[in-house]
Structure formats: structure tokens, C-alpha cells
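# Architecture at a glance
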Amino acid sequence: MRVLADRKRGVERRGRYLGLGLVVLAAGFLLTGRWQLALGVAVGALLGWVLTDPVRITWAVFVIAFAVPVTIDVGYPTNPSYALLLVLFLLAAWGRVLRAERDGWPPKALAAALLLPACAVLAGLVHWHGVKPIAVGVAPLLCFGVLAWHLAEEARHDRRTVRRIAEALTWFSVAVAVFAKYQTASRSWPIFDQFAYDWTYTSAFDATRAVGLSGHPIIYGTFAMAMVLVALTLRGRFWYVPVTANLVGLVLSGTRSAWVGTVLALGLWLFLQWRKVSWRGLGATAAVAAVTFTLVAVNPPALRPDTTTAAPTPSPAAPAASSAAPAPESPAATPSPAAPSPAAPAPPAASSLPPEPGAPLPAAPTASAVDSVDVAGSRISDPASADARFTRMSVVWDGITSDWSTVVFGNGPEANVRFLENVGIGDGQAQVFDNTYLTFWYNFGLIGLACLLALLVLLYRHLRSLPARLLLVGFAAQIFFFDVWLWLGAVAVLLLAVALGAADNPSLSARSLPVPRRRQPGAQAAAGPRQPAAGAAAGSGSAPAARPGSAGASGPS
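A few points on the structure. (Residues numbered from 1 in each chain as written. Predicted model: local features only at pLDDT ≥ 70, side-chain atom pairs only at ≥ 80, totals over all residues. Heavy atoms only, no water.)

Counting 113 residues, the largest nonpolar core has Phe 62, Leu 471, Trp 485 and Leu 496 as the members making the most contacts within it. With 14 residues, helix 21 (residues 488-504) is the largest single contributor of residues to this core. The residues contacting Leu 471, other than those within four sequence positions of it, are Ala 226, Leu 229, Val 230, Val 493, Leu 496, Ala 497 and Leu 500. Within the second largest apolar cluster, five residues are counted, among which are Ile 72, Phe 179, Trp 189 and Val 211. (Core = buried A, V, L, I, M, F, W, Y, C linked by side-chain atoms within 4.5 Å. Buried < 20%, exposed > 50% of the residue type's maximum accessible area, 1.4 Å probe, protein only. Helix = DSSP H or I, 4+ residues; strand = E, 2+ residues; numbered from the N terminus. Contact = heavy atoms within 4.5 Å.)

Here it is, written out as C-alpha cells:
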């Protein structure tokens, strides 16, 4: 014991020396004006600390996915979406390595994680366009598969941590909702107006809609939808505060796809909980609705935009948008140059050049703040977005049905990118298909679409948790209206559903090995002497937390 204690103290001492050295190094970079190198040292040190503990990895996955926007480029070596995807993949893969001795490598979980990437590889082999499109198309699917596997396994063994993370996210979302209210009241997006790498991710694009911490109103709407459902079903202390705050954020985002997902999920919740409906519950619902309407409608005079300052203009020196830059939904109100897409870039004239100084800007702010209620109403009545989606469905369907091989196997990974770069959709809207299911069919064929739908159905069937099922319904409904795969904050809703479902499902919880019954002395004597079983010596002790052979039955599939 003394040797172990000395060894532990030695490790702690070396850790302190290493931390002090990293602080000195980061300070040196700051003093010389190299803030990006100092930031790199700080992030590297933080990731190193996270990688030492699988529980920290689980926290880090959700913090990065929900709180780090992919619309800001701080000097990543590649597109922000892919850079953060790589970080998340490394975190999840290392977490599985740390847990390999405890959990093993369950075949069902591995099969679920590799199912969609295998569909992408098959489509790429049938319609060969080189190795690069396959690698780019497979990377997001593989990353999210490994992430789902890691989170499901961690949730099985540590239910409290996952629920604690979910509750922490609901209270974090309250602060984000306050920030969203400030954005719509002041008609500016602090941080994003200064650091976004494309003008479409600033308030110059649409200052009337809130973006929270995502840089895009649709992704913030997805986050607000998820937090409403989680807070409503987990029912922690003062749960009505995050529910109300996120309903406010949901309205301010102006994201109709998230509204549809929320309505469908709440409809399912009412259907499953109708026996528990009471007058008290109806009164609480009315109170939440009234407070939500008030918070949406009221605009504090102190936050009204300053009419003496010009509208925000993105810096011409902002990094150029790459071919994978995300843009999930076509703008409904104002036709604009093509915005970049997660799987489909805009034509080179719009996406490969830095933002033009003459890009469209919002109208000059007036002394009165924007009426958020009227803005939300106009989002419901405006048919422009629906028309744009019907146009895209027609284009995508023509590409899917060009011959039998494209119906069955698709056009290959990144086929939508090639189409939108070389042909495009000439309606003045964002160059993106805006439908995850049709985009998946277009790229990976009917086989890929069937696998995607089967995974969603199997998750709903096996993850018998109310929060998980509501999140799955909301997510499945919303991705019908935009392409999701390179928006980490949107796919994280699905990952949160997997984690909560694995934590709440008794059949997926980690169970100890059964303790063998003790024989009666007389019966044992009559049976004669026999050798003890391999595990009988520890019959009354604590059994392993999980058997490697049975862990596969509790994967995310």
C-alpha cells in the first residue's frame, strides 16, 4: 500500500509540473502575440486531461457538440465541421479503448456503428469516383456511429452521469436562451458577426432570428427543441424554467422544422401520458404558455439597436468557406447567394471566395425593436421555403430515378456535392437538397435509406425511455427539412437520445453475474464430492460489472 501511495504521489507531482510547464508555454505565446498557438496549447492540455477518464470524455462530447459552433473558424487545419468531427471521433475511440477490458468489443454495437458507413462504401464502389469522395462521405457516418456506441456503453454502466449531463444541458440552455433574446432585441449576433467565416452566418443574413451559440437559427432551433423535451420529461428541480426559456428560444429562432418536430414529440408525449392529465397540469401549461408569449413579445428598451451605427459587416479577411461548410435550410424570406452545405457546396463563385464587402446587409435598424411575434407569424405564413423544398424534391427525385442502379445503390458518396457544384439549383436559394432522407437516398441508394430508417425504428423500439423516444421523434421529423450530417449540434440530439435511452432501459443496464445458490449440506453429501467451479471461490463477492460476451446485446442497435 505504501508503494502504491508513493507511486500515486509521484504521478500527481509530474502532472503538476507538466501543467505548470504548459501554462508557462501558453503565456509565452500570448506575450509574443501568437494567440492561436496559445489557444492550441490550452485546448491540447484540456483534451489531454479529458482523455484520462471516460466520464470526462462523455461530458466533453456533449459540450463540444452543443457549445462549439462550426460557423466560426479559429484556424482549424481543415473545415471546422471536419476538425471537430475528428476530435469527437478520437475522444469516443479512446474512450472505448479505456473501457475495452470492462466492456469488450460487442459485435452488435460494432455492426450498428458500421452499418451506415458500409452503405456509403458500397455506393462508392458501384459508382466509382475515386477514394476521396468515399473517405469524405464515410467520415461523418463513422464518427457518429462510434460516438453512439461509446455513449450507449457508458450510459449502460453509469446511468446517473448521463442524466446529470442532460439536466446540466437544460440549465445551460437557459443562459443560451437569454443570449438568443439579446440577439433578436439588439438585432446583432455578438461573436458571430465578428468571427464567422461567411456573411451568411452573421446577422447580416437575417437579424430577426436568434442563433444562440450555433451560428445558424435552424441548429439553435434544434437545440431548443431538444432541451424542451428533455426538461419536460426528466422533471428536475424547477423544470419549468428551462422549458419556458427554450420555448422562447424556439420561437425566436424562427425554425419551422423544429416547431414541427416539437409539436409531433409533444403529441406523442400527450398520447403516452393522457391518463396523467389533470387540471393542475393544464394550469401549469397555460402559465408556461403565457410567460413564453410575454418573454417573446417584450423587448427591453435598453437592448434596442443603436440607429447611429451601421449594420454589421463581416470582415473581408474572414477565412474562405470550404466545400463542406454547412447550411442546412434554404432561407425563406430573402433570396440570397448560395450558402454552403454540409454535403453540398455552393458554386465556386459563392463558396470558394472570401465574403464580398458588398454582400447584402440588413435594413438599417430603427428606434423600435423587432416585433418577434410578428416575425414568428410571418415564418408560418411565408410559402417561399416550402416552394424551395418542392423544387429540391423534384431535382433530387430525377437524380434518384435516372436508372435502376441509382435507385438501388445511389449515385455514390458526395454525389450531391458534385451535382450542386457543376449543375446547381437555379432558384436563387441555398445550394443544398434540404432533406436528409432524400440526400441519403440520392447518395447511397435505397439500401442506404432503408438502413437509416431501420436504425431509427430499432432505436425507438429498444430504447424504451420517454425522453429518448421524444427526442427520436423530434429529430426524425426535423431532418426531413434539412441536411443534418455536418451540423454537430443537430446530430448531438440523436446522440443524447441514444445515451438517455440506454441509461433508462432496464434491459440494457449493466447487470452483475448471478450468484450461485448454496447447496444444502445433506444434498451436497449425497451428490458426492465435486470440484468447485471456476467462479465459485468468489461466489459471495462482487461479480464483474458486465460480461464481455453479453455486452453486444446492449449496443445502440
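From this point on, the discussion continues.
To continue, consider helix 19 (residues 436-462). Compared with the 39 Å implied by 1.5 Å per residue over 27 residues, the 23 Å span of helix 19 between its first and last C-alpha is markedly short. In helix 19, a bend of some 130° at Phe 444 exceeds every other bend along the element. Its side-chain oxygen at 3.0 Å from the backbone nitrogen of Tyr 437, Asn 435 defines the N-terminal cap of helix 19. (Expected span 1.5 Å × (residues − 1). Bend = angle between axes of the 7 residues up to and from the residue. Polar contact = N/O pair within 3.5 Å; in protein donor to acceptor, adjacent residues only side chain to side chain.)

With that settled, consider the environment of Ser 372. As for its position among the elements, Ser 372 is in helix 15 (residues 372-381). Look at Ser 372 and you get buried, because its relative accessible area is 6%. Once the C-alpha coordinates of Ser 372 and Val 298 are considered, the two residues, 74 residues apart in sequence, prove to be 8.5 Å apart. Those residues in contact with Ser 372, other than ones at most four positions away along the chain, are Thr 184, Leu 252, Val 296 and Asn 299.

Moving on, we get to unusual backbone geometry. With glycine set apart, most residues show a phi of negative sign, and most peptide bonds adopt trans. Positive phi, close to 55°, is recorded for Arg 235, a residue that is not glycine. Note that Arg 235 resides in the loop between helix 10 (217-234) and helix 11 (240-253).

Here we take up the packing of aromatic side chains. Taken as a whole and judged by the stated rule, the model has 17 aromatic pairs. Relative to Phe 66, the ring of Phe 62 has its centre 6.3 Å away and its plane inclined at 10°; by these criteria the two rings are stacked. Of this pair, Phe 62 and Phe 66 both sit in helix 3 (residues 54-67), four residues apart, roughly one helical turn. The rings of Phe 62, Phe 66, Phe 172 and Phe 223 are connected pair by pair, giving a single aromatic cluster. If you follow Arg 96 out to its NZ or CZ, it ends over the ring of Trp 149, 5.9 Å from the centre. A cation over a ring is seen here: Arg 469 above Tyr 460, with NZ or CZ 4.4 Å from the ring centre. (Phe/Tyr/Trp six-rings, centres within 6.5 Å; stacked < 30°, edge-to-face > 60°. Lys NZ or Arg CZ within 6 Å of the ring centre and 35° of its normal.)

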